[in-house]
Amino acid sequence: MIPTSWFLILGAILFSLGVLGVLTRRNGITIFMSIELMVNAVNLTFIAYARELGSLHGLMWVFFIMAVAAAEAAVGLAIFIALYRHRETIDVDEANLMHW
Amino acid sequence: MFEYLIFFTFAAIAVIFSAIVVIHRNPVVSALALVVSFFSLAVMYVLLDAPFMAALQVIVYAGAIMVLFLFVIMLLNLAHTEEPITRPIQQFLGITAAASFAITIIYYLCKAAVLHTGGPAEFVSDARAIGVSMFEAYIFPFEAVSILLLAAIVGALILSQRTSAITEAKDGGAR
């Protein structure tokens with residue numbers, strides 16, 4: 001059996017890559033994909049702990065996280081389509097209407 | 001031994017392709033690299049004795065969500081939009097923040113390592129066990145998620161329609 005902490009470290013690396021993407025990129029779609037990366041890293045952590053503790057609760061959480069991620073992707077991409085219709089770009093720096 | 005080989009191979013694939021998702025300038029390449037990353041995470045779930053979750057990962061993420069992403073990229077014709085590299089201070093701060101976050105979290109994971117190999121042997125995570133758990137203990141969150149998905153469908157439709165219902169109602173009132 002592979003130690004649980006290795007899976008946790010892999011999850012941490014993937015989560016940090018997602019953080020890097022959100023902080024440095026300005027293309028809205030790429031930022032969204034980075035968020036999906038972070039969600040997946042957390043899912044991996046949940047399943048690793050579910051096996052470690054021998055309980056199904058972690059798996060149930062992963063199931064609900066997947067459903068919420070699907071809803072979030074649908075609404076978020078619709079927002080980007082609406083943004084593109086108005087601004088002809090999905091560069092998040094251009095969407096500065098509510099910027100102080 | 002074989003297990004370890006699979007783990008390291010697919011961990012390397014997941015990390016490399018996630019890095020491509022973040023670094024590459026073309027969103028189509030990013031989306032396809034994300035699919036590969038999702039598949040290698042599905043392999044991780046199989047290694048963690050959760051084959052049902054692996055199937056779900058492939059169907060929901062690599063199937064549904066990635067098709068959604070690729071459709072939007074195609075719809076907005078983003079394949080050739082390259083973002084120029086600007087704002088060096090912002091980039092530097094982002095990279096520094098992400099790197100320090102990674103170092104901190106990995107340091108504490110190694111310090112408090114969950115190193116005893118092999119959890120309890122009776123970890124069953126087949127579809128039957130998950131279904132029983134979902135429709136007994138988790139029936140309320142299950143229904144809540146179904147309402148959330150319905151709300152998301154309606155919200156996505158309203159947000160992405162060509163002329164919004166609000167402006168149309170205003171125009172109708174003006175006429």
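Residue positions are given per chain, counting from 1 as you read along its sequence in written order. To read the labels, note that chains go from A and ligands from 1, taken in the order they are written. Note on the predicted model: pLDDT of at least 70 is required for a residue's local features to be given, and 80 or more for side-chain atom pairs to be given and counted; whole-chain, interface and lining totals, by contrast, use all residues.

### A short note on unusual backbone geometry
Residues and elements named next belong to chain B. Formally: Segments assigned H or I by DSSP are reported as helices when at least four residues long, segments assigned E as strands when at least two residues long, and all are numbered from the N terminus. To assign burial, the other C-beta atoms lying within 10 Å of each residue's own C-beta are counted, with C-beta atoms placed from the backbone; 20 or more indicates buried, 12 or fewer indicates exposed, and intermediate counts indicate partly exposed.
The backbone of Asp-49 shows a phi angle near 60°, a positive value even though the residue is not glycine. For Asp-49, the position within the fold is in the loop between α2 (27–47) and α3 (51–75). Taking the number of C-beta atoms within 10 Å as the measure of exposure, Asp-49 has 17 and is therefore partly exposed.

### Remarks on the packing of helix α3 (residues 57–87) of chain A against helix α6 (residues 139–160) of chain B
Worth spelling out the cut-off: For helices, the fitted axis covers only the stretch in contact; all axes are lines through C-alpha atoms, and the angles between them, taken along N-to-C directions, range from 0 to 180 degrees. Angle categories: roughly parallel below 35 degrees, roughly antiparallel above 145, roughly perpendicular from 65 to 115, and oblique for all the rest. Note that contacts rest on C-beta atoms placed from the backbone: two residues are in contact if these are within 7 Å. Charged means Asp, Glu, Lys or Arg here, nonpolar means Ala, Val, Leu, Ile, Met, Phe, Trp, Tyr, Cys or Pro, and polar covers whatever is left, Gly included.
Close contact between α3(A) and α6(B) brings their axes to 8 Å; oriented N to C, the two are set at 10°. In terms of axis orientation, α3(A) runs roughly parallel to α6(B). Here A:Phe64, A:Ala67, A:Val68, A:Ala71, A:Ala74, A:Val75, A:Ala78, A:Ile79, A:Ile81 and A:Ala82 of α3(A) lie close against α6(B), whose contacting residues are B:Pro141, B:Val145, B:Leu148, B:Leu149, B:Ala152, B:Ile153, B:Gly155, B:Ala156, B:Leu159 and B:Ser160. When its residues are assigned to classes, the contact of α3(A) with α6(B) shows 18 nonpolar, two polar and no charged.

### With respect to the environment of A:Asn40
Relative to the helices and strands, A:Asn40 resides in helix α2 (residues 28–53). On a C-alpha basis, the gap between A:Asn40 and A:Phe15 in space is 8.1 Å, while along the polypeptide they are 25 residues apart. Those residues in contact with A:Asn40 that lie beyond four places of it in its chain are A:Leu14, B:Phe38 and B:Leu41.

### Looking at the interface of chain A and chain B
Counting from both sides, the interface comprises 59 residues of chain A and, opposite them, 71 residues of chain B. Taken together, the elements giving at least two residues each to the side of chain A that touches chain B come down to α1 (4–24), α2 and α3 of chain A. For the side of chain A that touches chain B, the leading source of residues is α3(A), giving 20 residues. Within the side of chain A that touches chain B, the residues separate by chemical class into 44 nonpolar, ten polar and five charged.

### Regarding the packing of α1(A) against helix α1 (residues 2–23) of chain B
One can describe the packing of α1(A) onto α1(B) by two numbers: an axis separation of 9 Å at closest approach and a directional angle of 10°. By the angle between their axes, α1(A) is roughly parallel relative to α1(B). Contact residues: A:Trp6, A:Leu10, A:Ile13, A:Leu14, A:Leu17, A:Leu20 and A:Gly21 in α1(A); B:Phe7, B:Ala11, B:Ala14, B:Val15, B:Ser18, B:Ala19, B:Val21 and B:Val22 in α1(B). Among the residues making up the contact of α1(A) with α1(B), the classes are represented as 13 nonpolar, two polar and no charged.

### A word on the confidence of the model for chain A
Our working definition: Looking at any residue, its pLDDT shows the predictor's confidence there, from 0 to 100.
Averaged over all residues, the pLDDT of chain A equals 89, while 99% of them reach at least 70. The element-level mean pLDDT for chain A is lowest in α3(A), coming to 90, with α1(A) highest at 93.

### Observations concerning α2(A)
For the record, the criterion: A helix is expected to span 1.5 Å multiplied by its residue count minus one.
With 26 residues, α2(A) ought to run about 38 Å at 1.5 Å a step, and its terminal C-alpha atoms sit 38 Å apart, in line with that. Taking burial as the measure, the 26 residues of α2(A) include 21 buried ones, the bulk of the element.

### Focus: the nonpolar core
Where we set the bar: Here a nonpolar core is just a set of buried residues of the types Ala, Val, Leu, Ile, Met, Phe, Trp, Tyr and Cys, joined wherever their C-beta atoms sit within 7 Å.
Judged by nonpolar contacts, the single largest core of 61 residues is most densely connected at A:Ile29, A:Ile47 and A:Leu59. The set of elements that each furnish at least two residues to this core consists of α1, α2 and α3 of chain A together with α1, α2, α3 and α6 of chain B. Once residues within four sequence positions are removed from consideration, A:Ile47 is found in contact with A:Gly58, A:Leu59, A:Val62, B:Tyr45, B:Leu48, B:Ala50 and B:Met53.

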